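# Structural description and commentary
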Amino acid sequence: MVRGENLEKKEEDKVLPKLKSLGKNLLNEIKSGTSPTLEFLARGLDNVIYDEKNKILVLGNRKEKRVFLSASQAKKFMQTVAVAAKCKKFKEENLHTSIRGLFYQLKFTLGEDIEEDLFEEQTESNQIVEDLEVLLGTKREDLNLSTDRKGVVAGPLIIKDKFAGTTTTIDCTKMGRSGWMIPSDVDNGMEFVKCEADYVLVVEKDALWQRLNEDQFWKKENCILITPKGQASRGCRRLIRKLADMKLPIYGLMDCDAWGWYIYWTIKTGSMNLAYIGSEISTPEIKFIGVTMKDIEKYPFLKKLTIKAKDVDIKRAEEMLSYPWISMHKEWVEELKKVIETKKKLEQDALQGPRLTFVGDYIKEKIENKEFLP
Amino acid sequence: MSGKKEKGKKEDVIEKLETEAHKIFEEFKEYSVAEFFKKNRQMLGFSGKVRSLTTVIHEGVTNSLDACEEARILPNIYVKIEEANNHLKVYMEDNGPGIPKEYVGRALGRMLAGTKFLRFQQSRGQQGIGISGAILFSQITTGKLIHIRSGIGDGKVYECDLAIDVKTNTPKISNFVEYPGNFRGLGISAEYAEVKYDRSEYSPLEYLKATAMANPHAQITFVGPDGERVIFKRSSNVIPKKPTAVKPHPLGITTDDLISYAHHSKERKLSSFLIQNFSRVSEQKVNELKLLCPSINFEKMPRELKWEEAEQLVEAFKKIKWIAPSSEALIPIGEKQIEESLKNLLNPEFISVRERPPKVYRGGVPFLVEVAICYGGRCGRQGKEGPELDIKRFANRAPLLFDAGGCAITEAVKSIDWNRYGLKDIEHMPVTLFVNFVSVFVPYTGAGKTAIASEEEVIDEIRYAIMEVARDLGNYISGKIRDKIREERKKAIMRYIKQISEDISYLSEEGKPGEIEKMLLEIVEKKYKKKLE
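Reading guide: rules and limits
- Residues numbered from 1 in each chain as written.
- Chains lettered and ligands numbered in written order.
- Predicted model: local features only at pLDDT ≥ 70, side-chain atom pairs only at ≥ 80, totals over all residues.
- Helix = DSSP H or I, 4+ residues; strand = E, 2+ residues; numbered from the N terminus.
- Contact = placed C-beta atoms within 7 Å.
- Pairing = 2+ DSSP bridges.
- Core = buried A, V, L, I, M, F, W, Y, C linked by C-beta atoms within 7 Å.
- Buried ≥ 20, exposed ≤ 12 C-beta atoms within 10 Å, placed from the backbone.
- Domains from an automatic or database assignment.
- Nonpolar A, V, L, I, M, F, W, Y, C, P; charged D, E, K, R; others polar.
- Axes fitted to C-alpha atoms, helices over the stretch in contact; angles between N-to-C directions.
- Left-handed = near helix turned anticlockwise from the far one by under 90°.
- Expected span 1.5 Å × (residues − 1).
- Parallel < 35°, antiparallel > 145°, perpendicular 65-115°, else oblique.
- Arc of directions from axis to C-beta.
- pLDDT = per-residue confidence, 0-100.

Our next topic: the overall build of chain A. The number of helices and strands found in chain A is 14 helices and 20 strands. Across chain A, every contact between residues at least 6 apart in sequence was considered, and the portion connecting residues at least 24 apart equals 72%.

In structure tokens, the structure reads:
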């Protein structure tokens, strides 16, 4: 168990040099009389593979070329370079914006006599941002592009937040009933000063988080209590990864249904859509506490609290069975098959059935007995 | 006549037409000129008000072109149409050799005076009745005299009025005056009723334009009733070769021809008649004929040849191996001349010209086909909804304006799968298709000389020729499309250069945007350079 202070050294910004060298490489190609070309890993789902060594979803080796001299690629090429240049400016100015803000920064006409905008639709610029992330091997958050925030933290974690010219020390034990809202970027300007927790608990639902917070569960258990509030945001996933990097055990408590399990697996292996930053936002170390179909046998009261699984749940379960990185675990196969067979599911809220504080006892018991699913 | 039915319809039609021409000649002797004209007016091209006017112009211009050609003069032709007393007055003048005053009556005032009739040579006015027909038409419709002005370049010019005595088919000259002058050539002024001037595709102007196309050595000036002056400039100084008379080849002969020739022959024996009047007929061939036709007496006078015997001979001709007929007498315009002419008149963006090697039709009549396809510029016809394909038909350089539907050229054009050449929309393209049929004997569908009969070999040959130039145009158009695509691609890339240069300069912190822009422009230009032709 690692408890560290100043766990993160102030990293030198690696992104600005990357942007500069991108420009230099293009300039050199132009100087040598060749068509400037960008090459990066293809982001298509057919190029997403499961990295068995690191146990995460990453991009395969298939590469895509973007050639300026190709009429069909010229515009995208220009857009990519324009986004890169704009991000360089954001970095230099130390200002952040959303991808929508970026779109508005780049929605201008290409010339007085040209009836064409650099970007017409935000969907175009969103795509280019992803391209640039792959191209530079960097997250958008590192390019000063913020994403929607979601997820809340409570527990023994102290962070120095250098933002807008001031530094604020955040103590996640002093956030009252609301907790600390996980920002879009937990890397840049964020200094993890102190983390004295024994483990990290990720609960799917905000309601349960509030319940555990009221019980002062994180204090009693000396853990960091996180809720992604459903599917985890990029910032939330990154934070979990960083906490795992501090050698803290990570546990997940989700609904016993396909959706809850999918949230768990997204945190664990990353998602196919974000496979290009897989290593930065995946936490294969995470272990699944519950809720499981097996719990129904162990805690008879749960038997009455099951609800009917919907078609989407069954479909999702079948889909998950088709993923080799999930079906390689026989425990998960059992669970998923049980859902498909019984057409039943169980919400984590059901753990409040016997009494409101039962949830805490349930978690403690599971961790003590090391009763996890992989 | 029993054997004839087996020969197929087309051949019958041709033979009928040939016979018709002879009938004209025969009837001509029997009836008065006026009667003859009235009877045959339609067939001679004097039907319909617009068409009649164009026929008048045609007869005059043809006469002038033939005269100049024979005299080795580069023709300048002037045609003026003006309104006069509810009539149209047409004045036509050339710079040809002129007519010596003692011949003027005979040359112009007698129908069929030219007697090109029995000359087997390539000529514009090969059939029909020529300028005297036009003169007669004037006289019949207005009752007025024709005014003639001519000189042969000897310092004297004469003028006179001329009429044709329709009862005796003899010219009547009046008001003859002669005065010193340098004019050489022939001017004919005549008034016409039952004619109408317009600007349709059958109009005199269209006719003259077509004539100019096929006669690049001629300069033609036209002044219309509205005072409009159009000059079709000369684009070639090469006067066409003088046509040489060639004897008919046995394979190109019909029974009717054979009878006509035989009965006009002054030879004393049928055998020598055959040797003297036909090409490739030798003593040896006559001996072969004798074996094939044992019942015919080759020693008798040719004028005693009977129809049945002539028929037998024509059948025998087909069984003997002949040396192919000479194509020497064929006088094409020439690829270079056609190209220059069409460039001159249509200013096309693209042109392809083909002269096909001589072929024979009906087993022995030599002919050849010249075609040109031009695109863009002033090509095509202006239709209601934009440009349309314009087919210019010619027979021995003479424009065929009428009866397009019944013409072998039209038939050949229609038979082509234009889609194969990427020219699916040819009907609506600014394209002029020029087809000149060259032969010492043109199988016209009628004495009006307006359409070529659908001889299979002729249609095939025209089709092959058109296919060749269609392929060229197709390649050009698809190349043009490729160029256009290339140009559009280049343009699309070009518009991004400024932005990208600024961004690369900013990213690299090196190089001025202007310099990067210049380098990028060069790279793009190099890649999207038009491929050398």
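More follows now that the structure is in view.
Where strands meet in a sheet, backbone hydrogen bonds hold them as pairs that are either parallel or antiparallel. Residues and elements named next belong to chain A. One open sheet accounts for 6 strands, arranged β13-β10-β16-β15-β17-β18; its pairing is mixed. Strand pairing shows two members of the sheet lacking a second neighbour, β13 (180–181) and β18 (287–290), which therefore form its edges. As judged from the 4 bridges shared by strand β15 (residues 199–203) and strand β16 (residues 223–227), these two strands associate in the parallel manner. Within β16, the position partnered with Val200 by the bridge is Ile224.

Moving on, we get to the nonpolar core. Residue and element names in this part refer to chain B. Membership of the largest hydrophobic core comes to 106 residues, with the highest contact counts inside it found for Ala372, Ile373, Ile452 and Ile462. In terms of residues, this core owes the most to one element, strand β11 (residues 365–375), which gives 9 residues. When residues of this core are assigned to domains, at least three fall in each of domain 1 (31–232) and domain 3 (326–533). If we skip the residues at most four places from it in the chain, Ile373 touches Ser352, Val431, Leu433, Val469, Ala470 and Leu473.

This brings us to the interface of chain B and chain A. At the interface, 22 residues of chain B touch 26 residues of chain A. Only α13 (456–508) and α14 (513–527) of chain B provide two or more residues apiece to the side of chain B that touches chain A. The element that contributes the greatest number of residues to the side of chain B that touches chain A is α13(B), accounting for 13 residues. Across the side of chain B that touches chain A, the residue classes break down as 12 nonpolar, 3 polar and 7 charged.

On to the environment of Arg106(B), then. All names here are of chain B. Note on placement: Arg106 falls in helix α4 (residues 104–108). Given 12 C-beta atoms within 10 Å, Arg106 falls into the exposed group. Sequence-wise, Arg106 and Lys172 are 66 residues apart; in three dimensions their C-alpha atoms are separated by 9.7 Å.

Our focus in this paragraph is the sheet that holds strand β2 (residues 87–94) of chain B. All names here are of chain B. Read across the sheet, 8 strands follow the order β5-β4-β3-β6-β2-β1-β7-β8 without closing on themselves; strand pairing throughout is mixed. This sheet does not close on itself; its edge strands, each paired only once, are β5 (170–180) and β8 (229–232). On average, adjacent strands in this sheet sit at an angle of 15° to one another, irrespective of strand direction. The sheet contact formed by strand β1 (residues 76–84) and β2 spans 8 bridges and is antiparallel. Bridged to Val79 within β2 is Met92. Lying on the sheet, helix α3 (residues 49–70) is in contact with β1, β2 and β6 (184–192); it crosses β2 at an angle near 10°.

Turning our attention to unusual backbone geometry. Here the bond from Gly290(A) into Val291(A) is cis, since omega is 0°, no more than 30 degrees from zero. Along the chain, the position of Val291(A) falls in the loop between β18 and α10 (293–298). In this structure, Arg280(B) is a non-glycine residue whose phi angle is positive, near 70°. Tracing the backbone shows Arg280(B) in the loop between α8 (270–277) and α9 (283–292). By C-beta crowding, Arg280(B) is classed as partly exposed, having 17 other C-beta atoms within 10 Å.

This next bit is on the packing of helix α1 (residues 15–31) of chain A against helix α2 (residues 74–93) of chain A. All names here are of chain A. Interhelical geometry of α1 versus α2 gives an angle of 145° and a closest axis separation of 10 Å. Taken as a pair, α1 and α2 cross one another with a handedness that is left-handed. Within the contact between the two elements, α1 uses Val15, Leu16, Leu19 and Leu22 and α2 uses Ala84, Cys87, Lys88 and Lys91. Class assignment of the residues belonging to the contact of α1 with α2 gives a composition of 6 nonpolar, no polar and 2 charged.

We now examine helix α5 (residues 131–142) of chain B. Residue and element names in this part refer to chain B. For α5, spanning 12 residues, the distance from its first C-alpha to its last is 17 Å, which sits close to the expected 16 Å at 1.5 Å a residue. Of the positions making up α5, those classed as buried are Ile131, Ser132, Gly133, Ala134, Ile135, Leu136, Phe137, Ser138, Gln139 and Thr142. Positive backbone phi, approximately 75°, marks Gly143, located one or two places after α5.

All names here are of chain A. For strand β11 (residues 157–163) and strand β14 (residues 190–195), the ladder comprises 5 bridges, and the chain directions are antiparallel. Paired with Lys160 across the strands is Glu191, a residue of β14. Pairing of β11 with strand β12 (residues 166–171) involves 6 bridges; the strand directions are antiparallel. Residue pairing for β12: Lys162 is matched across the bridge by Thr167. Hairpin connection between β11 and β12: a loop of 2 residues separates the two successive antiparallel strands, and Ala164 in this loop has a positive phi of roughly 55°.

Attention now moves to the packing of α13(B) against α14(B). Two measures define how a pair of helices packs: the angle their axes make with one another and the distance between the axes. All names here are of chain B. Packing of α13 against α14 brings their axes to within 8 Å, and their N-to-C directions diverge by 150°. The angle between α13 and α14 places the two elements in the roughly antiparallel class. Viewed along their axes, α13 and α14 form a crossing whose handedness is right-handed. In contact with Lys490, Ile493, Met494, Ile497, Lys498, Ser501, Glu502, Ile504 and Ser505 of α13, α14 contributes Pro513, Ile516, Glu517, Leu520, Leu521 and Val524. In the contact of α13 with α14, the residues fall into 9 nonpolar, 2 polar and 4 charged.

Take helix α14 (residues 358–368) of chain A next. Residue and element names in this part refer to chain A. Within the sequence span of α14, burial applies to Val359, Tyr362, Ile363 and Lys366. Considered in projection along α14, the buried side chains sweep an arc of 95° and stay on one side of the axis. Exposed and oriented more than 90 degrees from the buried face of α14 are Asp361 and Glu368. Looking at the buried side of α14, the elements it contacts are β15, α5 (206–214), β17 (250–253) and β18. Directly after α14, the chain includes Lys370, whose backbone phi takes a positive value near 50°.

Quick look at the confidence of the model for chain A now. Predicted coordinates in areas of low pLDDT are best not read in detail. Summary statistics for chain A give a mean pLDDT of 91 and a share of 97% for residues scoring 70 or more. Scored below 50 in pLDDT, residues 1–11 of chain A shows 16 contacts in the model against residues more than four places distant or in partner chains.

Residue and element names in this part refer to chain B. Tracing the backbone through its elements, the reader meets Val469 in helix α13. According to the C-beta neighbour criterion, Val469 is buried, with 21 such atoms within 10 Å. Along the primary structure Val469 and Ser352 are separated by 117 residues, whereas in three dimensions their C-alpha atoms are 5.6 Å apart. The contacts of Val469, once residues within four sequence positions are left out, are Ser352, Arg354, Val371, Ala372 and Ile373.

Quick look at the pairing of β17(A) now. Residue and element names in this part refer to chain A. Where burial is concerned, the two faces of β17 agree: the one with Ile250 and Gly252 and the one with Tyr251 and Leu253 are both buried. Bridging between β15 and β17 involves 4 bridges; their strand directions are parallel. Each bridged residue has a counterpart across the sheet, and for Val202 the counterpart in β17 is Gly252.

A few words on the environment of Leu69(A). Within the secondary structure, Leu69(A) sits in the loop between β5 (63–67) and α2. Each C-alpha atom, one on Leu69(A) and one on Thr37(A), is 8.5 Å from the other, the two residues being 32 residues apart in sequence. Setting aside residues up to four positions removed in sequence, Leu69(A) forms contacts with Ser35(A), Ile493(B), Ile523(B), Val524(B) and Lys527(B).

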